[in-house]
Amino acid sequence: MTRSDERAHLHRIIGSVIYDWLVLLGLLMIFGFIGVAVNHSLTGEESIKPNNHLFQLYILAVVVCYYTYFWQRSGQTVGMKAWKLKLQSIDQQPINFKQTCIRLIVAMPAYLLGLLGILWVYTPTARTWQGIASGTQLIYIPKK
């Protein structure tokens, strides 16, 4: 369990999410361009139709791969490093793929319900909904 001085506060969580989404926006533009180029070479069409489920899965895979790579490699995405946050299992081990998937799925309603699932960090559990569901915790890493 985290000590109160290791608790990831709301401003750091939101800051890291915004930072990561800016990084992801750039990645999605690059991978989107690649997807459009491949689609053009295969079909001759200049754009991808809005209901193209294969392209939607491709974009979702980019997002999942971004978080999976960084969370399993070091426990920190680019935004989390900037805001001095680290993700780890409750037993202080690196997280696995199952925990990553659970965390990503539960994060959607946690943010979409007016940050209610994120504000949970101020309850005695000191963890967000996605942290509770996935058996993970965000901790603050102060400068040494």
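In this report, the structure presented in the accompanying data block is examined. Given the structure is predicted, the values throughout are model-derived calculations rather than measurements.

So, the overall build of the protein chain
For step 1, the next point in the chain: Of regular secondary structure, the protein chain possesses six helices and two strands.
For step 2, the next point in the chain: Written out in order from the N terminus, the α and β elements of the protein chain read α-α-α-β-α-α-α-β.
For step 3, the next point in the chain: The principal-axis extent of the C-alpha atoms belonging to the protein chain is close to 60 × 30 × 25 Å.
For step 4, the next point in the chain: Total accessible area on the protein chain is roughly 8700 Å²; 70% of this is exposed by carbon and sulfur atoms.
For step 5, the next point in the chain: Treating the 13 positive side-chain charges of the protein chain as one cloud and the 6 negative ones as another, the clouds have centres 10 Å apart.

Topic: the pattern of salt bridges
For step 1, the next point in the chain: For the structure on display, the rule yields one salt bridge.
For step 2, the next point in the chain: Note that Glu45 is salt-bridged to Lys49, the shortest N-O span being 3.6 Å.
For step 3, the next point in the chain: Judged by its relative accessible area of 33%, Glu45 falls in the partly exposed class.

Regarding helix α1 (residues 10–43)
For step 1, the next point in the chain: The end-to-end C-alpha distance of α1 is 46 Å, a good match for the 50 Å that 34 residues give at a rise of 1.5 Å each.
For step 2, the next point in the chain: Buried residues of α1: Leu10, Arg12, Ile13, Gly15, Ser16, Asp20, Leu24, Leu28, Gly32, Gly35 and Asn39, and no others.
For step 3, the next point in the chain: Among the structural elements, α2 (53–73), α3 (78–82), β1 (85–89), α4 (97–112), α5 (116–119) and β2 (136–140) are those in contact with the buried residues of α1.

Let's talk about a nonpolar patch on the surface
For step 1, the next point in the chain: The grouping of Ile30, Phe31, Phe33, Ile34, Val38 and Leu42 at the surface amounts to a nonpolar patch, some 620 Å² of accessible area in total.
For step 2, the next point in the chain: Mapped onto the secondary structure, Ile34 falls in helix α1.
For step 3, the next point in the chain: A residue is classified by how much of its surface remains accessible, and Ile34, at 39% relative accessible area, is partly exposed.

Brief notes about the packing of aromatic side chains
For step 1, the next point in the chain: All chains considered together, the criterion is met by seven aromatic pairs.
For step 2, the next point in the chain: A ring pair is formed by Phe31 and Tyr58, whose centres lie 6.4 Å apart and whose planes are at 65°; its orientation type is edge-to-face. Note that Phe31 is positioned in helix α1 and Tyr58 in helix α2, a separation of 27 residues in sequence.
For step 3, the next point in the chain: A network of ring pairs unites the aromatic residues Tyr66, Tyr67, Tyr69, Phe70 and Trp71 as a single cluster.
For step 4, the next point in the chain: Stacked on the ring of Trp71, the Lys or Arg Arg103 has its end atom at 5.6 Å from the ring centre.

As for the packing of α1 against α2
For step 1, the next point in the chain: Packing of α1 against α2 brings their axes to within 10 Å, and their N-to-C directions diverge by 140°. The orientation of α1 with respect to α2, classified from their angle, is oblique. Seen from above, α1 lies across α2 with right-handed handedness. Packed against α1, whose contacting residues are Asp20, Trp21, Val23, Leu24, Leu27, Leu28, Phe31, Gly32, Ile34 and Gly35, the element α2 presents Phe55, Tyr58, Ile59, Val62, Val63, Tyr66 and Tyr67 at the interface.
For step 2, the next point in the chain: Its residues assigned to classes, the contact of α1 with α2 shows 14 nonpolar, two polar and one charged.

Rules used throughout
Residues numbered from 1 in each chain as written. Predicted model: local features only at pLDDT ≥ 70, side-chain atom pairs only at ≥ 80, totals over all residues. Heavy atoms only, no water. Helix = DSSP H or I, 4+ residues; strand = E, 2+ residues; numbered from the N terminus. Areas by Shrake-Rupley, 256 points an atom, 1.4 Å probe, with all protein chains shown as cover. Lys, Arg positive; Asp, Glu negative; His and termini not counted. Charge placed at Lys NZ, Arg CZ, Asp CG, Glu CD. Salt bridge = Lys/Arg side-chain N within 4 Å of Asp/Glu carboxyl O. Buried < 20%, exposed > 50% of the residue type's maximum accessible area, 1.4 Å probe, protein only. Expected span 1.5 Å × (residues − 1). Contact = heavy atoms within 4.5 Å. Patch = residues over 30% accessible without salt bridge, like charges linked within 9 Å, V, L, I, M, F, W, Y side chains within 5 Å. Phe/Tyr/Trp six-rings, centres within 6.5 Å; stacked < 30°, edge-to-face > 60°. Lys NZ or Arg CZ within 6 Å of the ring centre and 35° of its normal. Axes fitted to C-alpha atoms, helices over the stretch in contact; angles between N-to-C directions. Parallel < 35°, antiparallel > 145°, perpendicular 65-115°, else oblique. Left-handed = near helix turned anticlockwise from the far one by under 90°. Nonpolar A, V, L, I, M, F, W, Y, C, P; charged D, E, K, R; others polar.

Scope: geometric values only; no functional claims are made or implied.
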